[in-house]
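Secondary and tertiary structure notes
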Amino acid sequence: MAITKRPFGQTADGTPVTCWTITNQSGGYVSVLDLGCILQAVAPCLPGKAPQDVVMGFDDPAGYEAAGGFIGATVGRCANRIVGGTFRLNGREYPLFCNEGKNHLHGGKVGFSKRIWTASRTGREDQLRMSLFSADGEEGYPGNLWVTVTITFTDDNRLIFETDAVSDADTVFNLTNHSYFDLNGRFTQESACAQLLWANTPFYTPVDAAGIVDGTIQKTAGTVFDFSRPTALRSRLEQSDPQLEAVGGFDHNLIFAGGEGPAATLIGEESGIRMDFFTGSGAMQLYSGNYLRVSQGKQGTAYGRRSGVCLEPQFYPNSINMPQFPSPVLKANVPFHNQTVYRFYAD
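To start, this report covers the structure provided alongside it. (Residues numbered from 1 in each chain as written. Predicted model: local features only at pLDDT ≥ 70, side-chain atom pairs only at ≥ 80, totals over all residues. Heavy atoms only, no water.)

What follows concerns the pattern of salt bridges. Applying the stated criterion to the full structure yields 11 salt bridges. Of the charged contacts, one joins Arg 158 and Asp 156 as a salt bridge, the two residues approaching to 3.2 Å between their closest N and O atoms. Of the residues examined, Arg 158 reaches a relative accessible area of 29% and is grouped as partly exposed. On the basis of relative accessible area, Asp 156 is assigned to the partly exposed category, the value being 43%. When the shortest N-O distance is used, the salt bridge between Asp 276 and Arg 343 registers 2.7 Å. One end of the pair, Asp 276, is in strand E22 (residues 273-279); the other, Arg 343, is in strand E28 (residues 336-346), with 67 residues separating them in the sequence. Owing to a relative accessible area of 5%, Asp 276 belongs among the buried residues under this scheme. Under the relative-accessibility criterion, Arg 343 is labelled partly exposed at 31%. Taken together, the shared-partner salt bridges connect Arg 81, Glu 100 and Asp 251 into one network. (Salt bridge = Lys/Arg side-chain N within 4 Å of Asp/Glu carboxyl O. Buried < 20%, exposed > 50% of the residue type's maximum accessible area, 1.4 Å probe, protein only. Helix = DSSP H or I, 4+ residues; strand = E, 2+ residues; numbered from the N terminus.)

A few words now on a negative patch on the surface. A cluster of like negative charges, contributed by Asp 13, Asp 59, Asp 60 and Glu 65, occupies part of the molecular surface. Position of Asp 59 among the secondary structure elements: in the loop between strand E4 (38-43) and helix H1 (61-67). (Patch = residues over 30% accessible without salt bridge, like charges linked within 9 Å, V, L, I, M, F, W, Y side chains within 5 Å. Areas by Shrake-Rupley, 256 points an atom, 1.4 Å probe, with all protein chains shown as cover. Lys, Arg positive; Asp, Glu negative; His and termini not counted. Charge placed at Lys NZ, Arg CZ, Asp CG, Glu CD.)

On to the state of the cysteines. For the coordinates displayed, the defined rule picks out 0 disulfides. Free of any disulfide, Cys 19 has its nearest neighbouring cysteine sulfur in Cys 37, separated by 12 Å. In this structure Cys 45 is not part of a disulfide, and its nearest cysteine sulfur, from Cys 19, lies 18 Å away. When its relative accessible area of 10% is taken as the criterion, Cys 45 is described as buried. (Disulfide = S-S within 2.5 Å.)

What follows concerns the environment of Arg 88. Secondary-structure assignment places Arg 88 in strand E7 (residues 86-89). Distance from Arg 88 to Asn 321, taken between C-alpha atoms, is 7.6 Å for residues 233 residues apart in sequence. Once you skip the residues sitting within four places of it in the chain, Arg 88 turns out to touch Glu 93 and Asn 321. There is a polar contact of 2.7 Å between the side chain of Arg 88 and the backbone oxygen of Gly 91. (Contact = heavy atoms within 4.5 Å. Polar contact = N/O pair within 3.5 Å; in protein donor to acceptor, adjacent residues only side chain to side chain.)

The sheet contact formed by E7 and strand E8 (residues 92-95) spans 4 bridges and is antiparallel. Bridge pairing in E8 links Thr 86 to Pro 95. Adjacent in sequence and paired antiparallel, E7 and E8 are bridged by 2 residues, among which Asn 90 carries a positive phi angle near 55 degrees. (Pairing = 2+ DSSP bridges.)

On to the sheet that holds strand E23 (residues 283-287). Spatial strand order, E18-E17-E20-E23-E26: 5 strands in an open sheet with antiparallel pairing. The open sheet has two edge strands with one neighbour each: strand E18 (218-219) and strand E26 (310-314). As defined by bridge partners, strand E17 (residues 203-205) adjoins E18 across 2 bridges and the pair is classed as antiparallel. When the bridges of E18 are listed, Phe 203 appears paired with Lys 219.

Turning to the packing of aromatic side chains, a few remarks are in order. Summed over the entire model, instances satisfying the criterion amount to 16 aromatic pairs. With a centroid separation of 5.0 Å and 75 degrees between ring planes, the pair formed by Phe 58 and Tyr 64 is classed as edge-to-face. Across this residue pair, the class does not change: Phe 58 and Tyr 64 are buried. Centre to centre, the rings of Phe 187 and Tyr 303 are 6.2 Å apart; their planes meet at 65 degrees, and the pair counts as edge-to-face. Residue Phe 187 is located in the loop between strand E15 (176-177) and strand E16 (196-199), and its partner Tyr 303 is located in strand E25 (residues 302-303); the two are separated by 116 residues in the primary sequence. A relative accessible area of 6% places Phe 187 in the buried class. (Phe/Tyr/Trp six-rings, centres within 6.5 Å; stacked < 30°, edge-to-face > 60°.)

Moving on to the nonpolar core. Val 147, Ile 151, Leu 159 and Phe 344 are the most contacted members of the largest nonpolar core, which has 55 residues in total. At 5 residues, the largest contribution of residues to this core is made by strand E12 (residues 145-153). The contacts of Val 147, once residues within four sequence positions are left out, are Phe 112, Trp 117, Met 130, Ser 131, Leu 132, Thr 163, Asp 164, Ala 165, Phe 173 and Leu 175. Core analysis: the next-biggest nonpolar cluster, separate from the first, contains 20 residues, Phe 8, Cys 19, Leu 33 and Tyr 287 among them. (Core = buried A, V, L, I, M, F, W, Y, C linked by side-chain atoms within 4.5 Å.)

One can expect most non-glycine residues to show negative phi and most peptide bonds to be in trans. Of note, the bond from Gly 76 into Arg 77 is cis; its omega dihedral lies within 30 degrees of zero at 5 degrees. When you line up the elements, Arg 77 lands in the loop between strand E5 (74-75) and strand E6 (81-82). Non-glycine residue Phe 70 carries a positive phi angle of around 55 degrees. Of note, Phe 70 is situated in the loop between H1 and E5. Assessed through its relative accessible area of 22%, Phe 70 is described here as partly exposed.

That's the geometry; what it means functionally is another story.
Dropping the structure here:
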């Protein structure tokens, strides 16, 4: 095991960026940027195979800035949409920056995805700590917030993403990682649709014609969101369905059943790579990259629509404004902890 770091260029405003890489004993590696706590590369090395990078990314900060789409980034304070860019907490209304029409998305104008995080070693050769301080009033949110993300990459190709946070006042907190996966390693237009998905998600939250959750919770059984058996994403995306048509594909919140075992499994049949997904979060946003821009990614790869798929563990969209949904309120001085594990293996 080893941890190394290297310069990764500069942002448009001249801020230097550093790339940290954890390499395991089999030669697999995970690279993390201090810019946005971005997973720049995730390359498990499975028996009899060379390391295979399975996430979208770029070779310099300019690539991320031009592409948008929060590629690989850690987003917050609040992932997903807050409708109308406002919420009420403890009797007070908090206006937020609206960076998606009339809505606040993934933390706002800057958000955690564009901040420089502080990287440090933990004393372990398979683990890196990324920390961020968010001041009271930043992007409109109340409370001084301290966040730590601990990233571990083990010899058996488990990527562990642990989040710890505490605020000195009640606030909204809903952190997620926004990596785009293609386990077949192709990352060309529509290539992510060739992957198969199994998910232990008996319910989902429908969206209206504008792509906003309508406040109801519906069963996935018998719908395009039923992944109780491994199913090719393409086979579902080719179906005519009002929910898919509203957002150009999958951009929906699926609710986990809980219990033992993985919450979901993504399968790349071409590569033979599987990814089991375990999380303490109650739901995930399944996003099929419907609005990804055409861009040039790592090693000149031409990215485009549906070049990767996101499995984003989080609270339900607009939860702060939906009392029937689980609350994303982080109470003052109450520590928050959550863990998500991505386990890579061959079929």
